[in-house]
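Each chain, letter by letter, is given below.
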Amino acid sequence: MTTAPTGQPIAGVTPLTTNQDLDPTRLREAFGIFPTGVVAVAAEVDGAPVGLAASSFTSVSLDPPLVSFSVANTSKTWPTLRRAAHLGVTILASHQGTICRQLAGPVAERFTGIGLHTTEDGAVLLDEGLARFDCSIHEEVVAGDHTLVLLRLHSVESADTSLPLVFHRSGFGRLEASA
């Protein structure tokens, strides 16, 4: 039994087991309990849009303005995308699950039929997003089997008031609007 600071057992709380096997399947299941938003990270590289979907996006700092996302070290897209001077980050809306799947699919088809525009600095932004950021890489930190990418913000646009696309338990969901 787990105990309170008073030493009394807390009913219904199972203690954590130490030295347990932290296999990837078990970790993925536990991490999936926490819902996250989803973004498109994209840029023009060698004259063509290159991008990926990420569910690890978060704000980091207001001064300097920084955000981050993580990318698997096995990504075949990141080595090309990271060459861009600027990256576009678009927060996806709840109705964009299909676009998210497309951005995670075959490279040649990732941007087919998706409205987008490219900034003068090469950041690619999706036309239909909740917010769009023009960024550059501030720092990369290798963290196990992923790389944490810190991005410095250069501009932001947020006009859409729709609800965000949410990744939860290995699938897409949506938030309920507050009354």
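What counts as what
- Residues numbered from 1 in each chain as written.
- Predicted model: local features only at pLDDT ≥ 70, side-chain atom pairs only at ≥ 80, totals over all residues.
- Heavy atoms only, no water.
- Salt bridge = Lys/Arg side-chain N within 4 Å of Asp/Glu carboxyl O.
- Helix = DSSP H or I, 4+ residues; strand = E, 2+ residues; numbered from the N terminus.
- Buried < 20%, exposed > 50% of the residue type's maximum accessible area, 1.4 Å probe, protein only.
- Pairing = 2+ DSSP bridges.
- Axes fitted to C-alpha atoms, helices over the stretch in contact; angles between N-to-C directions.
- Contact = heavy atoms within 4.5 Å.
- Phe/Tyr/Trp six-rings, centres within 6.5 Å; stacked < 30°, edge-to-face > 60°.

Caption draft 1: Quick peek at the pattern of salt bridges. Counted according to the given criterion, the structure contains three salt bridges. Here Arg 82 and Glu 140 are joined by a salt bridge, their closest N and O atoms 2.4 Å apart. Taken together, the residues Arg 82 in the loop between helix H2 (78–81) and strand E6 (87–91) and Glu 140 in strand E9 (residues 131–143) connect sequence positions 58 residues apart. Exposure remark for Glu 140: the relative accessible area of 27% places this residue in the partly exposed category. A salt bridge links Arg 132 to Glu 157, with the shortest nitrogen-to-oxygen separation between them at 2.5 Å. With Arg 132 in strand E9 and Glu 157 in strand E10 (residues 146–157), this residue pair connects regions lying 25 residues apart in the sequence. Here Arg 132 falls in the buried class, since its relative accessible area comes to 13%.

Caption draft 2: Inspection of the sheet that holds E9 at higher detail. Read across the sheet, seven strands follow the order E3-E2-E6-E9-E10-E5-E4 without closing on themselves; strand pairing throughout is antiparallel. Only two strands of the sheet have a single partner each, and these edge strands are strand E3 (48–54) and strand E4 (58–62). Direction aside, the axes of adjacent strands within the sheet are offset by 35 degrees on average. As paired strands, E9 and E10 are joined by 11 bridges and run antiparallel to one another. Among the inter-strand pairings, Phe 133 is bridged to a residue of E10, identified as Val 156.

Caption draft 3: Local environment of the environment of Ser 68. Assignment of secondary structure puts Ser 68 in strand E5 (residues 65–72). You can call Ser 68 buried: its relative accessible area is 6%. A C-alpha to C-alpha distance of 6.9 Å links Ser 68 and Leu 148, two positions 80 residues apart in sequence. Residues within four places of Ser 68 in sequence aside, it is in contact with Ser 56, Phe 57, Thr 58, Val 60, Leu 148, Val 149 and Leu 150.

Caption draft 4: Structural context of the packing of aromatic side chains. A full pass over the atoms with the stated rule returns two aromatic pairs. On the numbers, 5.9 Å between centres and 35 degrees between planes, the contact of Phe 57 with Phe 133 is tilted. Linking Phe 57 in the loop between E3 and E4 with Phe 133 in strand E9, this pair joins segments that are 76 residues apart in sequence. Given the relative accessible area of 10%, Phe 133 is considered buried. Relative to Trp 78, the ring of Phe 69 lies with its centre 5.6 Å away and its plane at 85 degrees, an arrangement referred to as edge-to-face. On the basis of relative accessibility, which here comes to 0%, the residue Phe 69 falls in the buried class.

Purely geometric stuff here, so don't read any function into it on its own.
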